[in-house]
Structure formats: C-alpha cells, structure tokens
Amino acid sequence: MVDFGGWDMPVAYGSQIEEHHAVRRDAGMFDVSHMCAVDLRGAGVRPLLLRLLANDVGRLAAPGKALYSCMLRPDGGVIDDLIACYLDEKWFRLVVNAGTADKDLAWIREHAKQIGVAVVPRRDLAIIAVQGPNARAKTLPLLPDANRAAAGSLGGFFGAAFDDEWFVSRTGYTGEDGFEVALPAEAAAGFWDALRAAGVAPCGLGARDTLRLEAGMNLYGSDMDETVTPLESGLAWTVALDGNRDFIGKSALEKQRAGGPARKLTGLLLLDRGVLRSHQKVFSAAGEGEVTSGTFSPTLERSIGLVRLPAAAAGSVEVDIRGKRIPARLVNPPFVRNGKPKIEI
Amino acid sequence: MSQIPADLRYTKSHEWMRTLPDGTVEIGITDHAQQSLGDLVFVDVPEAGRQLAAGDACAVVESVKAASDVYSPMAGEVVAGNAGLASQPELINRDPYGEGWILRLRPAGGTAAESLDAAAYAAVAAGG
C-alpha cells in the first residue's frame, strides 16, 4: 500500500504485469474513489465553466456528453486536469484529481459564488473504473435493473446519472473501452465483489500507471503542474483558443502560442535495456530535458516515457540512466490504444 | 509470507548464497526481495572472469517499480552469470532460489563475509 494524494492505495493486488494484461485483453477494475466528483448546480453553471476551463463546454450539446479539460491560472499554469460532464442546463459534474481536490474546490467556489452556482463535492460516492475490451459486457448485467439499458447505449465519452446516486460514464484512463461507475459508497464493496465474481481482475495503481502511460495520458503532478501550460504539456488539443470565449489563462496561452512555446512534452521510447524513470536527464541536439513519467510497457515489452524538452527537439536522444547514456527515440503518443501498438518499435 | 530455505546463507541486503559441490558459490536475491520489487523486467548479470570484492555491486535487478543493485557477499571471481535471465527476468519472481540464480562465484578465500543463517535473515526480512 502507498500513500496517493492522502489515500492508502495498493500498487498491485498480485502481479502488476498480469493486471495490466487483463485490462488490455479482457477486463480489469480500479478503485478510484480517491478521485473527487463535484456537482455544480445552478442556472449559471455553463457560463461558469466557459470561464474556468480551457476546453470549451459550449461544445457539449447532448445531455450526458463529457469533455476533458485543464483548469488554468491566469498565467496559463495548470491547476488541474479534469472531466466535465453536461447533465442538464443546471447541472454539470466534474471529476477532479485527489491531490488537487481541495485547491480545485477553493478556486471553483471563488468564481461560482459570483454567479450563484452551488459547488457540492460528492464524497458520499465511491468510483470504480472497469476497463478493457470485455469491461462493458461484464459490467452491464451487474448494474441496477433500472439503469442497465441507458448505460448499455452510452456512446464514447457520454455519461448518465441515475437518481443522483449511480452514475455511469464511458470514460477511463487506460486507452481501452469501459465504464467509470460512481455509486453510493455503501454499495461499492458489493459491486466490486460481483465484478470480481464475473471475472473482472482487481488492478492497482501500478497497472493504472503503465496503462495510462501506454495510452499517452498525462498524470497531474508528474507530467504537468502549475509551472507549465497545456501547450508545453502535449495538451494543445484540449485548449479551445478560437472564438470570443474568454477563459482564465487564455491571454497567456495566446501570447505563448504567438511566440512558440519554448518547451514541449512528447513520448520517449528507450532503444536499449533499462527502464525510464521520472527525473532522468535527456540530451537532445536542441538541448536538455527531463523524463516526467517513465515505465516498462508490458504491451510493447520496452521502456517508454514522457519527456519535457526544448520545442525543437526531434528524433534521436540519449537518456542518463544510472550514469550511462542510453539511446532513445522521440515518438508521438499514444504508444498503445485498444490493445494495439501505435508506434513502430 | 516469503520462503527462506534453511540450508542457505543470507545477507542483510537480501542476497542468498549456496555452496555448490565444486566449491563455487551460487548467489541470488531472496523471495522477500523479489516480492518487494514486484515483476522484474530487466536483469544485468556480471560476465565470467570479473573479479569482485565483498560488497561490490555485481548485478542490477530492475522491476516495473524500481531498479536495485545486487551486492556480492564475498570476494571472488565470477564463474558464470545466469544467461537465461536476459530473456526471462521473471525466473527470479517464479523461482528465486532455483532457476532465478544470478551468478556463480569462485571465492577468493581470506576473510569470510558476514552472513546470516535463515533464522537471522527472517528477522531482517520481517523488519522491512
């Protein structure tokens, strides 16, 4: 067990690599109750999020549609990354990181009170993520009868709330299909046991990290934080700079985009034996940088990572691993999606 | 609970030693050590002929979680590294005291390194 944002969480229940393969090949589940669901309620909720989020919730037209976004400081630094789900014109649900939940809530409340939006953290809810090619099929029969049909027809990045308690979304952090299920905390253990009986493998933080890194997904606190912008974090695709919408951090990002960001975050494939780890130094022709996340990829059976480097860096680089310079290659994430390698080895 | 065979000698740094009939000593890491490291993904073993002093870092075992040095419990010359670990590092997870051996050493003689019996090592392992 390790401390993760103040929560005691298992690195693995058994073999971390077997847990990883279970998600890529069949179905695995994660207790992600540390993540904090936050309900925003009131007529001003959409205007609030248009201002608070770098991605554009104006695009969310169909009820249930969700969006990944960064929430920024005025200088463009990333306060947190989150999922925002549009439920109705007076109700959005955010899911934010555990370690940042307190500062997120303080920041959101400061802006929400001006427009009369209520900010309600849902610590009464547990969240279980079920991920993998067979995850939905194994989960659906175990949902409450009244929710099954609606959950079964959810499209990608859609969610559905049931009686303000059960909440099922077709989202995740692994690069596989699946659900994230929020449910009353007292129902969580029974649901977990039923999933286990249905052949869903319990997976720990270790597998969660190797899966998200193969999927090319950032981890807040490792790959980005308040000292960098989304444009320096491989997240330009999540920033909606077009149009007149004025969100917090926009002018800083526009300025940075005009000048060209000095740094970028990209993928790294180690070409020799060893394992990339965060904080290892990376040497490119354009200058030095640092590994922000690194691991062994069970799917590729190679070491992969994310690295922050001068924006001009490309092609071959070297990584300082335990005093030796090991050759590596810059690649565009993701490394793996839906069970399939996405880069050339 | 981890296995600690009674017929082996151990170090505080979680290596085990087995004296073979020809007088060479086989060295690996303990069941407790492999459990702590988790799934091993790379192992660097020393080449035959390398001279080691007691306490020298002589191999690297790297898991998904962390890299760790293996220290030679005694001075001597490497007779063999376990070549099978290059393609199957998981042998250490599966069979730490058998197929997962890391190196064989011909002891240089002289002062025997400090080593622990199974009961003394069990106390070390229980302490962390």
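Residues numbered from 1 in each chain as written. Chains lettered and ligands numbered in written order. Predicted model: local features only at pLDDT ≥ 70, side-chain atom pairs only at ≥ 80, totals over all residues.

Colleague: Tell me what's going on with the overall build of chain B, and back it up with residues and numbers.
Modeller: Assigned secondary structure in chain B consists of 4 helices and 9 strands. Taken from the N to the C terminus, the helices and strands of chain B come in the order β-β-β-α-β-β-β-β-β-α-α-β-α. A compact globule built from 128 residues should have a C-alpha radius of gyration of about 14 Å, and chain B, at 13 Å, falls within 12% of that. Principal-axis analysis of the C-alpha atoms places the extent of chain B at approximately 35 × 35 × 25 Å. Long-range pairs, those at least 24 residues apart, make up 65% of the contacts in chain B with a sequence separation of at least 6. (Helix = DSSP H or I, 4+ residues; strand = E, 2+ residues; numbered from the N terminus. Rg over C-alpha atoms; globule rule 2.2 N^0.38 Å. Contact = placed C-beta atoms within 7 Å.)

Colleague: Which residues make up the domain arrangement of chain A, and what values do they have?
Modeller: Size of an interface, as often reported, equals the accessible area lost when the parts are brought together. Residue and element names in this part refer to chain A. Examined at the domain level, chain A breaks down into domain 1 (27-198) and domain 2 (220-341). Computed over C-alpha atoms only, the centres of domain 1 and domain 2 are separated by 26 Å. On the domain 2 side, the residues contacting the 27 residues of domain 1 number 26 residues. For the side of domain 1 that touches domain 2, the secondary structure elements donating two or more residues are α2 (45-52), β5 (66-72) and β6 (78-88). Tallied by class, the residues present in the side of domain 1 that touches domain 2 amount to 11 nonpolar, 9 polar and 7 charged. (Domains from an automatic or database assignment. Nonpolar A, V, L, I, M, F, W, Y, C, P; charged D, E, K, R; others polar.)

Colleague: Mind laying out the packing of helix α1 (residues 16-25) of chain A against helix α7 (residues 205-214) of chain A, listing which residues take part and the relevant values?
Modeller: Residues and elements named next belong to chain A. Running from amino to carboxyl end, α1 crosses α7 at an angle of 55°, the nearest separation of the two axes being 8 Å. When the axis of α1 is compared with that of α7, the two are oblique. Relative to α7, α1 is oriented so that their crossing is right-handed. Contact residues: α1 offers Gln16, Glu19, His20 and Val23, while α7 offers Gly206, Ala207, Thr210 and Leu211. In terms of residue class, the contact of α1 with α7 is made up of 3 nonpolar, 4 polar and 1 charged. (Axes fitted to C-alpha atoms, helices over the stretch in contact; angles between N-to-C directions. Parallel < 35°, antiparallel > 145°, perpendicular 65-115°, else oblique. Left-handed = near helix turned anticlockwise from the far one by under 90°.)

Colleague: Please give an account of the interface of chain B and chain A that cites residues and values.
Modeller: At the junction of the two partners, chain B supplies 8 residues and chain A supplies 13 residues. Among the residues forming the side of chain B that touches chain A, the class breakdown is 4 nonpolar, 1 polar and 3 charged.

Colleague: Run through the sheet that holds β6 of chain A, naming residues and quoting values.
Modeller: Residue and element names in this part refer to chain A. In space, the 5 strands of this open sheet follow the order β5-β6-β7-β4-β8, with antiparallel pairing throughout. Each edge of the sheet is formed by a strand with only one pairing partner; in this case those strands are β5 and β8 (118-121). Between one strand axis and the next, the sheet turns by 30° as a mean value, whatever way the strands run. Pairing of strand β4 (residues 36-41) with β8 involves 4 bridges; the strand directions are antiparallel. (Pairing = 2+ DSSP bridges.)

Colleague: So what's going on with α2 of chain A? Residues and values would help.
Modeller: Residue and element names in this part refer to chain A. Val45, Leu48, Leu49 and Leu52 are the residues of α2 that are buried. One face of α2 carries all of its buried residues, which in axial projection span an arc of 90°. Where α2 is buried, its residues meet β4, β5, β6, β7 (91-96) and α3 (101-115). (Buried ≥ 20, exposed ≤ 12 C-beta atoms within 10 Å, placed from the backbone. Arc of directions from axis to C-beta.)

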